[in-house]
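Topology and contacts: notes
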Amino acid sequence: MINPELLTRAQQYAELSKIALDWERPLGNGTDGAVWKSNVDTAVKVLERERGYYNERDAYLRLQEYGFTEQIDDFWIPKLVNYCDDLWTIEMDFITKSPYILDFAKVRIDRPPDFGGPYTYGIYGTPTTLKLAARIAEIEKARHTFIVPSGQAAIALIYLVYCQAGSHALMPESAYANSREIADDLLAGFDIEVESYDPMIGAGIAGLIRPNTKLIWTESPGSITMEVQDIPAIVAAARPHKIPVAMDNTYAAGILFDAFAHGVDVSMQALTKYVGGHSDLLLGTVSVQDDAAMRQVGRIYRLLGLAVSPDDCNLALRGLQTLGIRLKHLEQSALTIAKWLKTRPEVALVLHPALPDCPGHDIWKRDFTGSASVFSIVFQDDVSVERIVKFVEALRLFKIGYSWGGVTSLAMAYASLGRANRNYGRQLVRFNIGLEETDDLIADLDQGLIRST
Ligand SMILES: Cc1ncc(COP(=O)(O)O)c(C=O)c1O
């Protein structure tokens, strides 16, 4: 005899499963919701298997409609560390299967992709990958998140979704350098033109919009030169033309800047950086807020076979448990070090979004809720390139490296970035602050400056 409470819950789950399926159908995961609805036992089983299959936040809202009283709290740090409800556990339940073992034999010949179960094939998601997707969606307040193999894959996916032959797109010149390579190589070959713009353009972007403009890319703060973009002004210019605005929100880890609240249509992150947090992972995300965008992205995502390994997703899920505390520590440490560097006579500018030298500092104050671990300095003109290189090589705790967001502090000297605006010549060094003691890092920079003279 089935407990009546369980019966009600199962019926609600069945309904939820049906809703979830409507969302997932473009990914090829469709199944017959009516079958579930009429079969309470299956519904319970299905829900058990498909935790994380859909956006948890929406699931909660639905449950509330059905009379459930669980609260959705807005405190992101406790959320990152652990969920306090019964849908998430402290331990990660980790499922690696690629081809699933199905518990049915029926093959629908009228609608071949509908096999009647929530997971049919690894490329369309596993419980582990979809759990990570659901958690990122919740943190970013997105409708749906797609997990892809790297930040680079996320960027390429977004261009391939929104641009076709003959399209024009706009990209800030401060965008992650490989985006420019995607544009000049892959996209140019498809007859897609990607025009660079000054990241500080703000509302002036309206003057660059053409009848065939299909996408406006933003990245804030920009890579290496750290310009903070006026996203609301860009969105306001794009809206009347119905041009989607995409944003690389990696710096903010999807947390320090609420992309969707500022009008962005598609937000991407390289989980490789802060979510992974230990420089041992490559993953990316593409998050969207409306159903039409979810279907558009989902279609191309599936066609490109951008599946990810559950092992990697498990690492990212583990990274989420310490992300809040890492970000807090990194913010304080990076700011202390940036302020110390500003006192040095060799340093002309400190390009840290929370400090006034940084272009767009006032926009950062208006739109962001915190700062992260990456920033750059520009040496005075009379500091030679040889001395800058010697300084970077003299550092002991700071390693030399491009990536960021991990536990190890990094420094990198850049040759001319070749940008039309704010070209800092060869005077720029970018830092990633890690989890070492702040005082030790300052001492390391001090000895590096002394030894480089
Ligand atoms: C801002 C930004 N976006 C995207 C990427 C690409 O991420 P991934 O290394 O995961 O391809 C990077 C990598 O450095 C980056 O700095």
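Below: a short report on this structure. Every value quoted in this text rests on a predicted model; they were computed, and no experiment measured them.

**So, the overall build of the protein chain**
Scanning the protein chain from terminus to terminus reveals 14 helices and twelve strands. Here the analysis covers contacts within the protein chain between residues at least 6 apart in sequence; of these, 73% occur between residues at least 24 apart.

**Details of unusual backbone geometry**
The amide bond that connects S220 to the next residue, P221, takes the cis arrangement and shows omega of -5 degrees. Within the secondary structure layout, P221 lies in the loop between β4 (213–219) and α9 (231–238). Phi is positive for K141, close to 55 degrees, though the residue is something other than glycine. By secondary structure assignment, the location of K141 is in the loop between α6 (127–140) and β1 (144–148). Judged by the 17 C-beta atoms lying within 10 Å of it, K141 is partly exposed.

**Re the site of the ligand**
In the region of the ligand, 13 residues are neighbours, and S150, G151, Q152, A270 and T272 sit closest. Taken together, the residues that form the shell around the ligand break down as three nonpolar, eight polar and two charged.

**A word on the nonpolar core**
Nonpolar side chains in soluble globular proteins tend to be buried together. Counting residues in each nonpolar core, the largest one holds 112 residues, and the members touching the most others are L157, I158, Y159 and A316. The biggest single contributor to this core is helix α11 (residues 310–342), with twelve residues. Per-domain counts for this core show at least three residues from each of domain 2 (127–318) and domain 3 (322–451). Sequence-distant contacts of A316, defined by excluding residues within four places in its chain, comprise L132, L271, V275, G276, L281 and L283.

**Re the sheet that holds strand β12 (residues 428–432)**
Pairing is mixed in the open sheet, where five strands are placed in the order β8-β9-β12-β11-β10. Among the strands making up the open sheet, the edge pair consists of β8 (347–351) and β10 (399–400). Bridge count for strand β11 (residues 410–414) against β12 is five bridges, and the pairing is antiparallel. From the neighbouring strand, L410 faces β12, where its bridge partner is N432. Lying over the sheet, α11 contacts β8 and β9 (374–379), oriented at roughly 160 degrees with respect to β8. Where helix α13 (residues 385–394) meets the sheet, its contacts fall on β9, β10, β11 and β12, and the angle it forms with β11 comes to roughly 165 degrees.

**Thoughts on α6**
In this model, α6 (14 residues) spans 20 Å end to end at C-alpha, consistent with the 20 Å of a helix rising 1.5 Å per residue. Within α6, 14 of the 14 residues are buried, leaving the element largely enclosed by the surrounding structure. A positive phi of about 55 degrees marks K141, the residue just after α6.

**Observations concerning the sheet that holds β4**
An order of β1-β7-β6-β5-β4-β2-β3 is seen for the seven strands of this open sheet, with the pairing classed as mixed. Because the sheet does not close on itself, it has two edges, and the strands there are β1 and β3 (193–197). In this sheet, neighbouring strand axes are inclined to one another by 20 degrees on average, regardless of whether the strands run parallel or antiparallel. The sheet contact formed by strand β2 (residues 168–172) and β3 spans five bridges and is parallel.

Conventions used here
Residues numbered from 1 in each chain as written. Predicted model: local features only at pLDDT ≥ 70, side-chain atom pairs only at ≥ 80, totals over all residues. Helix = DSSP H or I, 4+ residues; strand = E, 2+ residues; numbered from the N terminus. Contact = placed C-beta atoms within 7 Å. Buried ≥ 20, exposed ≤ 12 C-beta atoms within 10 Å, placed from the backbone. Near = placed C-beta within 6 Å. Nonpolar A, V, L, I, M, F, W, Y, C, P; charged D, E, K, R; others polar. Core = buried A, V, L, I, M, F, W, Y, C linked by C-beta atoms within 7 Å. Domains from an automatic or database assignment. Pairing = 2+ DSSP bridges. Axes fitted to C-alpha atoms, helices over the stretch in contact; angles between N-to-C directions. Expected span 1.5 Å × (residues − 1).

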